[in-house]
Amino acid sequence: MSEKITYTEAFDELQALVSEIETGEISVDQLSEKVKRAAFLIKTCKKKLSSTEEDVDKILKELEGK
Amino acid sequence: MRKTKRLFRFVEITSGFAVYPGYTAGLPDFFYLHGTMPGTVEGKKVFSLLEVMESVRRTLSERYGSPFWVKAEMSKLNHYTHSGHCYPELLEKKEGKVVAQIKANLWKEDYIRINETFLRVLKEPLKNGIMILFSARITFDPVHGLALRILEIDPVFSLGELEREKQETIDRLHKEGIIGRNKALRLALVPQRIAVISVETSKGFADFRKVVDENSWNYRFFYMLFPSLLQGEKVAESIGRQLERIRLVRSHFDAVAIIRGGGGDIGLSGYNQYELARHVALFPLPVITGIGHATNETVTEMVAFRNCITPTDLAGFLIQQFHNFSVPVREAQQALAAGSRQWLSVAGQLLAGQVPVLGKAVARFIHLRGLEILHLEKQRDLLDPKRILARGFTITLHINKPVYKSTDVQPGDALKTLTAEGSILSKVTRTQNDPNE
């Protein structure tokens, strides 16, 4: 999925979704959509823990440039 | 030697523990007193330079026979590693201005002994820019001039000075309302990108790397080293410079880690300096310290977002943040599965409840339909031409079309009459309109 979402947003949204599902505030019709969304958010969060996109060379270049 | 003539007196100064020598004398007296014989040039008494210097030296050594205690700032230690001697610069300031200044000598043997005492008591070596209380003798050398020879330095006095400076830093940060500034920042949910202030070869940095690189949860960190001195006099300046570099690229980082280890407890007073503590307190990213020592917390550690004592603890703290994020995510996953199952089970139960009702409805439906079909079958049977023929009715056809009325045919037309069993062929002889005739 190409959607840009920060892990903080993902985390907050996930917490909200889970509590919705737990408290039964959604209909069965919505359930499938919500579960799908939650699964995506979980994947995003888990990915964050095990990867990073920072690059030393890029930062050094920025330091030299300034 | 005229002992009755006192040429100097000791002056008690306000602080009560230091004694400053002073003297009042006219130069010629000294010369005669010390028996120096001048030559004569054109009727003037003339001394050689060495004669003058020697006279001064003798006078001073006689008048300042015993050592005395002095309080002063040692602005520079000037330790020469080759010879092992030090040539400290001593001064006194009033309102920021130098009001007294003198060179000093601290010979190798004395230096080694005093420095060891300092390391033991202060956890600091003798260094530039500290207040010292020392015992000294005045010396005078015809070539090198006037100096104080330091014999002893009181470590307890300097320790008190260091503590006082530390307290001043704390008080100042309090007064400026910035002491809790870094602690009030919000640490990223996953503090993953760390700007490390350390030394490549530091044992502390190695400890840190070991924990974050080899963690068994597959947590991935990004860290970048900003090399700096971590102890000694220049620590504040050196760390400050790296903080400024990090500030330029701060968008790439979640936190700053100051990591030192394996350096013992010596040379940490720089972490109590106001400039460094202020820098850390006001830094836009959370600063986490792992300076690794057993002495009292320094001011820099006090104002940091978090003081982790050792580099290993610091790495552990970061891992814990990952756990704090990862555990709720895992729980969310479980809750989601459980929630969905719960929903499906509720829906299932609802459905299960409907099955018997549905069954009944279907059965009833089928029954009704069955009745209808029976009825229709009956009707169909009643209307079946064969059944009608069997009851004695016949059907008359003319050219294969049923004959409905007498006018449908003319005399002479051929008719075919169908009966239940077989058919009759006939010819029309006459037609009548009235069916009863």
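Higher on the page you've got the structure.
Quantities reported herein were computed from a predicted structural model and do not represent experimental measurements.

Caption draft 1: Representation of the sheet that holds strand S5 (residues 68–76) of chain B. All names here are of chain B. Spatial ordering of the closed barrel is given by S5-S6-S7-S9-S8, a layout of five strands whose pairing is mixed. Across the sheet, the mean angle separating the axes of adjacent strands is 60 degrees when strand polarity is ignored. With respect to the sheet, helix H2 (residues 49–63) is in contact with strand S8 (130–141) and strand S9 (145–153), its orientation differing from that of S8 by roughly 125 degrees. Sheet strands touched by helix H4 (residues 155–175): S5, S8 and S9. Its angle to S8, the strand with the most contacts, is close to 135 degrees.

Caption draft 2: Expanded view of the nonpolar core. If you look at the biggest cluster of nonpolar residues, it comprises 44 residues, and the most contacted ones within it are Leu14 of chain A together with Phe208, Leu314, Leu318 and Phe325 of chain B. Listed by contribution, the elements that provide at least two residues to this core are helix H1 (7–23) and helix H2 (28–49) of chain A together with strand S10 (193–198), helix H5 (203–213), strand S12 (255–259) and helix H9 (311–383) of chain B. Sorting elements by how many residues they give to this core places H9 of chain B first, with twelve residues. Beyond its immediate chain neighbours, meaning those up to four positions away, leucine 318 of chain B contacts Pro191, Ile194, Phe208, Phe221 and Ile288 of chain B.

Caption draft 3: A look at the sheet that holds strand S13 (residues 287–290) of chain B. All names here are of chain B. Taken together, the five strands give an open sheet; going across it, the order is S11-S10-S12-S13-S14, and neighbouring strands pair in parallel fashion. Only two strands of the sheet have a single neighbouring strand rather than two, namely strand S11 (222–227) and strand S14 (306–307). Two strands pair when backbone bridges link them, and S12 and S13 are joined in this way by four bridges, in the parallel orientation. Within the sheet, the bridge partner assigned to valine 256 lies in S13 and is valine 287. In the packing of H9 onto the sheet, contacts are made with S10, S12, S13 and S14, and the angle to S13 comes to roughly 140 degrees.

Caption draft 4: Representation of the packing of helix H6 (residues 235–248) of chain B against helix H7 (residues 274–281) of chain B. Residue and element names in this part refer to chain B. It is the contact of H6 with H7, at a shortest axis distance of 9 Å, that shows an interaxial angle of 25 degrees. It follows from the interaxial angle that H6 and H7 lie roughly parallel. Here the hand of the crossing between H6 and H7 comes out left-handed. Residues Ala236, Ile239, Gly240, Leu243, Glu244 and Arg247 of H6 form the contact with H7, whose own contacting residues are Leu276, His279 and Val280. Its residues assigned to classes, the contact of H6 with H7 shows five nonpolar, two polar and two charged.

Caption draft 5: Region of the structure containing H6 of chain B. Residue and element names in this part refer to chain B. Compared with the 20 Å implied by 1.5 Å per residue over 14 residues, the 20 Å span of H6 between its first and last C-alpha is a close match. Buried residues of H6: Val235, Ala236, Ser238, Ile239, Gly240, Gln242, Leu243 and Ile246, and no others. Elements that come into contact with the buried residues of H6 comprise S10, S11, S12 and H7.

Caption draft 6: Representation of the pattern of salt bridges. Residue and element names in this part refer to chain B. Counting across every chain of the model gives 24 salt bridges over all chains. The residue arginine 57 makes a salt bridge to glutamate 54 at a minimum N-O spacing of 2.9 Å. A residue pair is termed a helical-turn pair when its members lie 3 or 4 positions apart in one helix, as arginine 57 and glutamate 54 do in helix H2 at three residues. We classify glutamate 54 as partly exposed; its relative accessible area is 22%. Among the salt bridges present, the one from arginine 149 reaches aspartate 110, with a minimum N-O distance of 3.1 Å. Pair noted here: arginine 149 is in strand S9 and aspartate 110 is in helix H3 (residues 108–121), with a separation of 39 residues, a long-range link. Given a relative accessible area of 27%, arginine 149 falls into the partly exposed group.

Caption draft 7: Just the interface of chain A and chain B, in detail. Chain A puts 32 residues into the contact, and the matching count from chain B is 29 residues. Surface buried jointly by chain A and chain B totals about 3,000 Å² across both partners, of which 74% is contributed by carbon and sulfur atoms. Ranking the residues of chain A by area buried against chain B places Leu49, Glu54 and Leu63 of chain A at the top, with a combined share of 23%. Here chain A is connected to chain B by one salt bridge.

Caption draft 8: Seen up close, the packing of aromatic side chains. Under the definition given, this model contains 13 aromatic pairs over all chains. Summarising the aromatic geometry, the rings of tyrosine 7 of chain A and phenylalanine 325 of chain B are spaced 5.7 Å apart at their centres and angled 90 degrees between planes, so their arrangement reads as edge-to-face. Of this pair, tyrosine 7 of chain A sits in helix H1 while phenylalanine 325 of chain B sits in helix H9, each in a different chain. The same class applies to tyrosine 7 of chain A and to phenylalanine 325 of chain B, which are both buried. Relative to phenylalanine 322 of chain B, the ring of phenylalanine 221 of chain B has its centre 4.5 Å away and its plane inclined at 35 degrees; by these criteria the two rings are tilted. You can see phenylalanine 221 of chain B sitting in the loop between H5 and S11 and its partner phenylalanine 322 of chain B sitting in helix H9, a full 101 residues away along the chain.

Caption draft 9: Molecular detail of the environment of serine 202 of chain B. Residue and element names in this part refer to chain B. Among the structural elements, serine 202 can be located in the loop between S10 and H5. Distance in space between the C-alpha atoms of serine 202 and glycine 261 is 6.5 Å, their sequence separation being 59 residues. Discounting residues that sit within four places of it in the chain, serine 202 has contacts with Arg260 and Gly261.

Conventions and cut-offs
- Residues numbered from 1 in each chain as written.
- Chains lettered and ligands numbered in written order.
- Predicted model: local features only at pLDDT ≥ 70, side-chain atom pairs only at ≥ 80, totals over all residues.
- Heavy atoms only, no water.
- Pairing = 2+ DSSP bridges.
- Helix = DSSP H or I, 4+ residues; strand = E, 2+ residues; numbered from the N terminus.
- Axes fitted to C-alpha atoms, helices over the stretch in contact; angles between N-to-C directions.
- Contact = heavy atoms within 4.5 Å.
- Core = buried A, V, L, I, M, F, W, Y, C linked by side-chain atoms within 4.5 Å.
- Buried < 20%, exposed > 50% of the residue type's maximum accessible area, 1.4 Å probe, protein only.
- Parallel < 35°, antiparallel > 145°, perpendicular 65-115°, else oblique.
- Left-handed = near helix turned anticlockwise from the far one by under 90°.
- Nonpolar A, V, L, I, M, F, W, Y, C, P; charged D, E, K, R; others polar.
- Expected span 1.5 Å × (residues − 1).
- Salt bridge = Lys/Arg side-chain N within 4 Å of Asp/Glu carboxyl O.
- Buried area = accessible area lost by both parts, 1.4 Å probe.
- Phe/Tyr/Trp six-rings, centres within 6.5 Å; stacked < 30°, edge-to-face > 60°.

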